[in-house]
Amino acid sequence: MTEKFDVKLEGKTFFPDPSLREHMRMGDYELAYNEFLKDPEAYWEKVAEELTWINKWDKICEWDHPHARWFINSKLNITQNCLDRHVQSGKKNKVALIWVGEGGEEKILTYRQLHREVMRFAAGLKSLGVKKGDAVCIYMPLVPEQIIVALACARIGAIHSIVFAGFGTRALNSRIRDSAAKIVVTADATIRRGKRVELKAIVEEAVVNAPSVDKIVVLRRTKPPMELYSEIEVDYYDVLKDVSECEAEVMDAEDPLFILYTSGTTGPAKGIVHTCAGYMVGTYYTTQNVFDLRDNDVFWCTADPGWITGHSYIIYGPLLAGGTILITESTPDYPDPGVWWNIIDDFDVTIFYTAPTAIRMFMRMGEDWPRKYDLSSLRILGSVGETLNPETFEWYYRVIGKERCPILDTWWQTETGMHMITTLAGQPMKPGFVGKPLPGVVADVVDNNGDPVPPGKGGFLVIKEPWPSMMRTVRNNEERYRQYWSTIGKYYTAGDLAVKDDDGYIMILGRSDDVLIVAGHNIGSAEVESALVSNEAVAEAAVIGKPDPLKGEIIKAFIILRKGYSPSDKLRSELIYHVRMSLGPIAMPSEVEFVESLPKTRSGKIMRRVLRAKELGMDPGDVSTLEE
Ligand code: WT7
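Every chain begins its residue count from 1, and numbering advances along the sequence as written. Local features in this predicted model are restricted to residues whose pLDDT is 70 or higher, and side-chain atom pairs enter the listing and the counts only when it is 80 or higher, whereas totals over whole chains, interfaces and linings include all residues. Note: side-chain values were computed over all heavy atoms of the structure, leaving out hydrogens and water.

Below, the discussion takes up the overall build of the protein. A count of helical and extended segments in the protein gives 19 helices and 33 strands. Its C-alpha atoms give the protein a radius of gyration of 24 Å, near enough to 25 Å, the size a compact globule of 628 residues would have. In terms of principal-axis extent, the alpha carbons of the protein reach across some 70 × 60 × 50 Å. Relative accessible area decides the class of each residue, using a 1.4 Å probe on protein chains only: under 20% of the type maximum gives buried, over 50% gives exposed, and in between gives partly exposed. Counting the 628 residues in the protein, one finds 62% classified as buried. By definition in these notes, contact holds between two residues if any of their heavy atoms fall within 4.5 Å. Here the analysis covers contacts within the protein between residues at least 6 apart in sequence; of these, 70% occur between residues at least 24 apart. Entry remark: accessible area of the protein is about 23,600 Å², with carbon and sulfur atoms responsible for 49%. Helix numbering and strand numbering both begin at the N terminus, where a helix is a DSSP run of H or I of at least 4 residues and a strand a DSSP run of E of at least 2. Atoms counted for the radius of gyration: C-alpha only. Globule rule: 2.2 Å times the number of residues to the power 0.38. Accessible surface is estimated by sampling points in the Shrake-Rupley manner with a 1.4 Å probe; for residues, cover comes only from the protein chains shown.

The next thing to look at is the pairing of strand 7 (residues 135–139). Of all the five residues making up strand 7, five are buried; the element is thus mostly covered by neighbouring parts of the structure. Residues Ala 135, Cys 137 and Tyr 139 of strand 7 are buried on one face, and the alternating residues Val 136 and Ile 138, pointing to the opposite face, are buried as well. Each pair of strands is called paired provided DSSP finds at least two bridges between the two strands. In this sheet, strand 8 (residues 159–162) lies alongside strand 7 in parallel orientation, the contact comprising four bridges. Pairing of Val 136 across the sheet is with His 160, part of strand 8. Direction of pairing for strand 7 relative to strand 9 (residues 183–187): parallel, over a ladder of four bridges. Bridge assignment links Cys 137 to a residue of strand 9, and that residue is Val 184.

Before going further, it helps to spend a moment on the layout of surface pockets. Detection works on a 1 Å grid of protein atoms alone, calling trapped sets that fit a 1.4 Å probe cavities and calling open sets with protein on both sides within 12 Å along at least five of seven lines pockets, with lining residues defined by an atom within 4 Å of a point. Grid points are joined across faces, edges and corners, and a volume is the space filled by probe spheres set on the points. Taken as a whole, the second largest pocket holds about 640 Å³ of empty space. Broken down by secondary-structure element, the contributors of at least two residues to the lining of the second largest pocket are helix 15 (390–400), strand 28 (506–511), helix 17 (525–533) and helix 18 (569–583). Tallying contributions element by element places helix 17 first for the lining of the second largest pocket, with four residues. When residue character is reported, Ala, Val, Leu, Ile, Met, Phe, Trp, Tyr, Cys and Pro are called nonpolar, Asp, Glu, Lys and Arg charged, and the others, Gly included, polar. Of the residues that constitute the lining of the second largest pocket, the class distribution is ten nonpolar, seven polar and nine charged.

Here we take up the site of the ligand. What makes a residue near a molecule or strand is one non-hydrogen atom of that residue sitting within 4 Å of it. Neighbouring the ligand are 19 residues, the closest being Asp 409, Thr 410, Gln 413, Thr 414 and Arg 511. As used in this structure description, the phrase polar contact means that two N or O atoms lie within 3.5 Å; if the pair is within protein, one of them must be able to donate a hydrogen and the other to accept it, and residues adjacent in sequence are counted only when both atoms belong to side chains. Contact between the ligand and Gly 385: a nitrogen atom at 3.2 Å from a main-chain N or O atom of the residue. The backbone of Glu 386 places a nitrogen or oxygen atom 3.2 Å from a nitrogen atom of the ligand. Contact with the protein chains covers 91% of the free accessible surface of the ligand, which is 560 Å². The set of elements that each furnish at least two residues to the shell around the ligand consists of helix 11 (308–320), strand 21 (407–410) and strand 28. Class assignment of the residues belonging to the shell around the ligand gives a composition of six nonpolar, seven polar and six charged.

Axis definition: a line fitted to C-alpha atoms, limited for helices to the stretch in contact. Angles are taken between N-to-C directions and run from 0 to 180 degrees. Across the interface, helix 5 (residues 111–127) lies against helix 6 (residues 144–156) with an axial gap of 8 Å and an inter-helix angle of 65 degrees. Considering the relative orientation of helix 5 and helix 6, their crossing is right-handed. The residues of helix 6 that touch helix 5, namely those facing Leu 114, His 115, Glu 117, Val 118, Met 119, Phe 121, Ala 122, Leu 125 and Lys 126, are Ile 148, Val 149, Leu 151, Ala 152, Cys 153, Arg 155 and Ile 156. Of the residues contributing to the contact of helix 5 with helix 6, the split by class is twelve nonpolar, one polar and three charged. Helix crossings are classified by the rotation of the near helix relative to the far one: an anticlockwise turn of less than a right angle makes the crossing left-handed, while a clockwise turn makes it right-handed.

Before going further, it helps to examine helix 2 (residues 29–38). If you check which residues of helix 2 are buried, you get Tyr 29, Ala 32, Tyr 33 and Phe 36. Angular distribution of buried residues about the axis of helix 2 spans 95 degrees; they occupy a single face of the element. What points out from helix 2, more than 90 degrees from its buried face, is the exposed set Leu 31 and Lys 38. In this context, the arc is that of the directions from the helix axis out to the C-beta atoms.

Each domain's limits were defined by an automated method or a database of domain assignments. Segmentation of the protein into domains returns domain 1 (78–97 + 107–256) and domain 2 (515–616). Relative to domain 2, the C-alpha centre of domain 1 lies at a distance of 42 Å.

Quick look at the nonpolar core now. The nonpolar side chains of a soluble globular protein tend to be buried with one another. Core analysis: the largest hydrophobic core is formed by 145 residues, its most contacted members being Trp 44, Trp 53, Phe 71, Phe 121, Leu 151, Ile 176 and Tyr 316. Per-element tally for this core: the top contributor is helix 6, with nine residues. Ignoring sequence-local partners within four residues, the contact set of Phe 121 consists of Ile 148, Val 149, Ala 152, Val 185, Val 217, Tyr 236, Val 239 and Leu 240. Take the buried Ala, Val, Leu, Ile, Met, Phe, Trp, Tyr and Cys residues and link them wherever side-chain atoms come within 4.5 Å; each set so joined is a nonpolar core. Counting residues in hydrophobic clusters, the runner-up holds 33 residues, among them Trp 340, Phe 352, Leu 381 and Met 429.

On inspection of all chains with the given rule, the structure shows four cavities of 30 Å³ or more. Considering only enclosed or pocket space, the largest cavity measures out at about 60 Å³ in volume. Together, Tyr 29, Thr 422, Thr 423, Leu 424, Gln 427, Gly 435, Lys 436 and Tyr 505 line the largest cavity. Of the residues contributing to the lining of the largest cavity, the split by class is three nonpolar, four polar and one charged.

As a further point, take the environment of Ile 327. With respect to the helices, strands and loops of the structure, Ile 327 is situated in strand 18 (residues 324–328). Overall, the relative accessible area of 1% leaves Ile 327 in the buried class. When sequence neighbours within four positions are dropped, the list of residues in contact with Ile 327 reads Leu 97, Ile 98, Trp 99, Val 100, Leu 142, Val 143, Pro 144, Ile 147 and Ile 314.

Here the focus is the pairing of strand 20 (residues 380–384). Counted residue by residue, strand 20 has five buried out of five residues, so it is predominantly covered. Burial along strand 20 is two-sided: the face carrying Ile 380, Gly 382 and Val 384 and the face carrying Leu 381 and Ser 383 are both buried. Sheet topology places strand 19 (residues 351–354) next to strand 20; four bridges connect them, and they run parallel. Pairing of Thr 354 across the sheet is with Ser 383, part of strand 20. Bridge count between strand 20 and strand 21: four bridges; the pairing is parallel.

In structure tokens form, the structure reads like this:
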């Protein structure tokens with residue numbers, strides 16, 4: 001692959017209200033970044049000092065490429081910081097968790113109640129024979145118990161492996177086996193779009209061939225209670241112990257906290273391993289400084305705890321920061337596309353964190369839905385997971401944020417554990433760009449040799465120095481872990497292509513596997529897709545490369561049209577012309593196909609590899625992460 005290519009960078013800049021900077025914890029980016037550069041270890045130490053430790057560290061970081069250890073020899077338990085710390089400091093009756101069911105049911109847990117429920121289940125896990133270091137697989141719907149079980153594992157030092165409940169038998173089976181889970185915690189069913197989706201039945205099949213599993217704990221939500229057949233199945237409520245205390249296990253900084261299998265737009269799933277201290281410090285730091293979480297905020301991250309976004313910014317970050325989190329089992333468009341806006345209105349949500357795929361869906365439904373609700377409680381909007389196309393950014397900013405709320409487009413990965421690149425609230429926002437590396441993160445765009453490329457030239461996104469919440473290994477695949485740190489010099493290779501502008505703002509061009517090489521030029525799939533989405537007729541776009549004897553590859557675009565537009569040859573030519581005008585002739589799609597839907601991972605990422613395989617009549621490979 002050629003390592004440098006030109007990218008067109010002009011676009012709008014949005015300047016937020018200058019007073020915003022004064023109110024934010026990290027209003028002055030330069031100041032904070034310079035403080036970090038002056039003494040990186042002291043910078044992280046100051047963050048860690050804000051948390052509770054059983055024993056403090058001897059040293060902040062030991063870097064033995066590609067292995068880092070953080071907060072060496074410290075002892076802690078992350079749940080003491082998520083729960084006990086707040087219960088003991090006057091937040092006993094503060095709401096920790098609000099749950100909204102699909103039918104509008106509500107459950108609210110204060111910090112005291114959440115603390116108690118976690119200890120009760122933790123004691124129950126112990127009574128089932130679960131010990132520090134054992135793996136527990138959590139395959140549950142988005143209900144409070146899903147979070148309680150994860151925290152209960154952390155309480156006793158068991159390693160949780162949360163598997164998103166949308167996955168099927170094969171994906172679940174391979175994750176249970178790879179993690180050697182001793183217990184699987186599930187529920188009878190999840191409710192999706194008014195329909196019951198059986199979960200326990202999937203678990204029953206998935207534990208065949210999984211000899212590590214001793215027990216299946218079943219949360220029976222629906223009446224009449226589903227029957228439990230074999231002796232390995234136990235009821236959730238029978239496991240709960242009536243205890244008022246379950247001591248937090250003393251964990252070493254580098255003991256594993258959890259395994260999480262990546263969503264895998266490319267290749268088979270990898271079991272990413274995160275450890276206790278560094279992950280705690282990283283997620284706490286970013287929740288405080290990126291989301292600027294305050295005592296009276298209601299924080300809603302629409303992910304599922306089955307993804308890293310849910311681990312870091314539903315469970316751990318916000319609870320470490322003592323916030324109020326909102327979760328819902330409801331899908332964004334059932335019973336109508338107003339449900340989410342209704343929830344924001346009802347609960348006065350102040351910080352809203354979602355994915356571009358959801359925003360694009362709302363754009364397609366029209367502005368009338370959000371207009372029906374009072375969204376004035378919102379103060380910060382976030383996005384994660386994919387490129388937030390400029391068009392989508394502007395809609396989010398105008399229709400949801402009423403040109404008042406800063407938009408944080410956060411770039412990070414399962415592997416990084418925490419936000420790495422974003423535009424902090426109060427800084428000028430450039431739609432299409434994620435922004436600059438956070439203080440604490442040394443990121444750059446480089447060529448194959450690891451040399452920085454000048455502004456306007458595309459290259460590989462790398463992280464040059466270790467950070468506290470970096471993954472420590474890939475479960476059962478240390479070789480794969482090493483690859484991350486040895487593909488481009490000695491840097492961490494994110495697998496994404498990117499470009500910087502003159503101000504150091506970074507634009508993500510897409511996964512390096514999704515890059516198209518047309519007539520010797522590299523073109524990021526994200527760029528062409530953003531150009532297409534900026535056309536008023538287009539709701540969603542995905543582009544792939546098709547081999548071509550002349551050009552190397554030609555571009556084929558798959559398009560979902562917005563309401564009110566229908567496929568035609570005329571529209572096809574218009575779209576091609578539109579890309580030509582925005583990106584130049586080289587990026588022009590040669591083929592355009594109008595489709596009703598696109599293959600996506602269950603976390604909402606477009607699987608271009610599946611489109612490509614289908615187009616070329618090839619085997620799509622592992623599709624276990626594909627949405628139905
Ligand atoms: C990949 C990581 C981290 C939470 C969700 C996904 C893409 C992530 C952005 C963004 C453009 C983004 C990258 C990255 N990605 N955030 N703001 N703009 N692309 O976690 O499943 O580990 O995926 O998602 O390609 O490498 P993940």
